[in-house]
Amino acid sequence: MKEYKKVFSWRVYGFDELDAKDRALVEAAKDATGGSHSPYSGFKVGAAVLLDDGTVVTGSNQENAAYPSGLCAERTALFAAGHNHPDKKVIALAIAARNANGWTDRPVTPCGSCRQVMAETESLSGVPIRTLLYGKQGTMVIEGGTATLLPFCFGADSME
Ligand code: THU
């Protein structure tokens, strides 16, 4: 028998403690909530993807009367980045969300399907995606990519 252990860490920053580049990416995610189509949940999520050449691609959640047809902000942004910039690497992803009462106190963490899409993006680029999750109480910064966010995930190599 062998036992394995996985340990991960994350940091929480006050918004003003973030460096200027991180603040700008979080601001881009906050701005992106303006494009949210969320009449059913009233929950507006914005995502901003940073590419290795400094390009920022944004997305927001797009809901649908047929609920499962909608898509989260993270995947909207990641798919737009993949389509428009297939040769560039995604190095960071910021997420922010607000409801009728304003920005969430706690950071919104990406859902399982979005993490799976992040894993596919990382498998193409070989680069873990730095994740910045905004909340009024602080911004969580997770450096480890999906090795942290989605351990043991299914990937192309699972089919070998
Ligand atoms: N949503 C996102 O866009 N990203 C997340 O990480 C969590 C959930 C959206 C989906 C749906 O439009 C609304 O938030 C409520 O679940």
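See the structure printed just above.
Residues numbered from 1 in each chain as written. Predicted model: local features only at pLDDT ≥ 70, side-chain atom pairs only at ≥ 80, totals over all residues. Heavy atoms only, no water.

1. Brief notes about the overall build of the chain
Within the chain, the secondary structure is distributed over four helices and seven strands. Going from the N terminus to the C terminus, the chain shows its helices and strands as β-α-β-β-α-β-β-α-β-β-α. In terms of overall size, the chain behaves like a compact globule, its C-alpha atoms giving a radius of gyration of 16 Å where 160 residues would be expected to give roughly 15 Å. Each principal axis of the C-alpha distribution contributes one length, and for the chain these read about 50 × 40 × 35 Å. Taken over 160 residues, the chain has a buried fraction of 40%. Across the chain, every contact between residues at least 6 apart in sequence was considered, and the portion connecting residues at least 24 apart equals 64%. Distance between charge centroids for the chain: 4 Å, based on 16 positive and 18 negative side chains. (Helix = DSSP H or I, 4+ residues; strand = E, 2+ residues; numbered from the N terminus. Rg over C-alpha atoms; globule rule 2.2 N^0.38 Å. Buried < 20%, exposed > 50% of the residue type's maximum accessible area, 1.4 Å probe, protein only. Contact = heavy atoms within 4.5 Å. Lys, Arg positive; Asp, Glu negative; His and termini not counted. Charge placed at Lys NZ, Arg CZ, Asp CG, Glu CD.)

2. Quick look at unusual backbone geometry
Residues other than glycine seldom take positive phi values, yet Phe 152 does so here, at roughly 60°. Structurally, the position occupied by Phe 152 is in the segment after helix H4 (146-149).

3. Considering the environment of Ala 47
Mapped onto the secondary structure, Ala 47 falls in strand E2 (residues 44-51). Overall, the relative accessible area of 0% leaves Ala 47 in the buried class. Spatially, the C-alpha atoms of Ala 47 and Leu 78 are 8.7 Å apart, while their sequence positions differ by 31 residues. When residues no more than four places from it in sequence are discounted, the contact partners of Ala 47 are Ala 29, Ala 32, Val 57, Thr 58, Gly 59, Ala 73, Glu 74, Ala 77, Leu 93 and Ala 94.

4. Concerning the site of the ligand
Around the ligand, the surrounding shell consists of Ser 41, Phe 43, Val 45, Asn 61, Glu 63, Cys 72, Ala 73, Glu 74, Val 108, Thr 109, Pro 110 and Cys 111. Between the ligand and Asn 61, the relevant distance is 2.9 Å, taken from an oxygen atom to a side-chain nitrogen or oxygen of the residue. Contact between the ligand and Glu 63: an oxygen atom at 2.5 Å from a side-chain N or O atom of the residue. When the free accessible area of the ligand is taken as 370 Å², the share hidden by the protein chains comes to 75%. When the residues that make up the shell around the ligand are grouped by side-chain class, the tally is seven nonpolar, three polar and two charged. (Near = heavy atom within 4 Å. Polar contact = N/O pair within 3.5 Å; in protein donor to acceptor, adjacent residues only side chain to side chain. Areas by Shrake-Rupley, 256 points an atom, 1.4 Å probe, with all protein chains shown as cover. Nonpolar A, V, L, I, M, F, W, Y, C, P; charged D, E, K, R; others polar.)

5. Regarding the packing of aromatic side chains
Applying the stated rule across the entire model yields four aromatic pairs. With 5.8 Å between their ring centres and 35° between their planes, Phe 8 and Trp 10 make a pair best called tilted. For the ring pair Trp 103 and Tyr 134, a centre distance of 6.2 Å and an interplane angle of 90° mean the geometry is edge-to-face. Here the residue Trp 103 occupies a position in strand E5 (residues 102-103), and Tyr 134 occupies one in strand E6 (residues 130-135), the gap between them amounting to 31 residues. Its relative accessible area of 24% is what places Trp 103 among the partly exposed residues. The ring of Trp 103 is capped by Lys 30, whose NZ or CZ atom sits 4.9 Å from the centre of that ring. (Phe/Tyr/Trp six-rings, centres within 6.5 Å; stacked < 30°, edge-to-face > 60°. Lys NZ or Arg CZ within 6 Å of the ring centre and 35° of its normal.)

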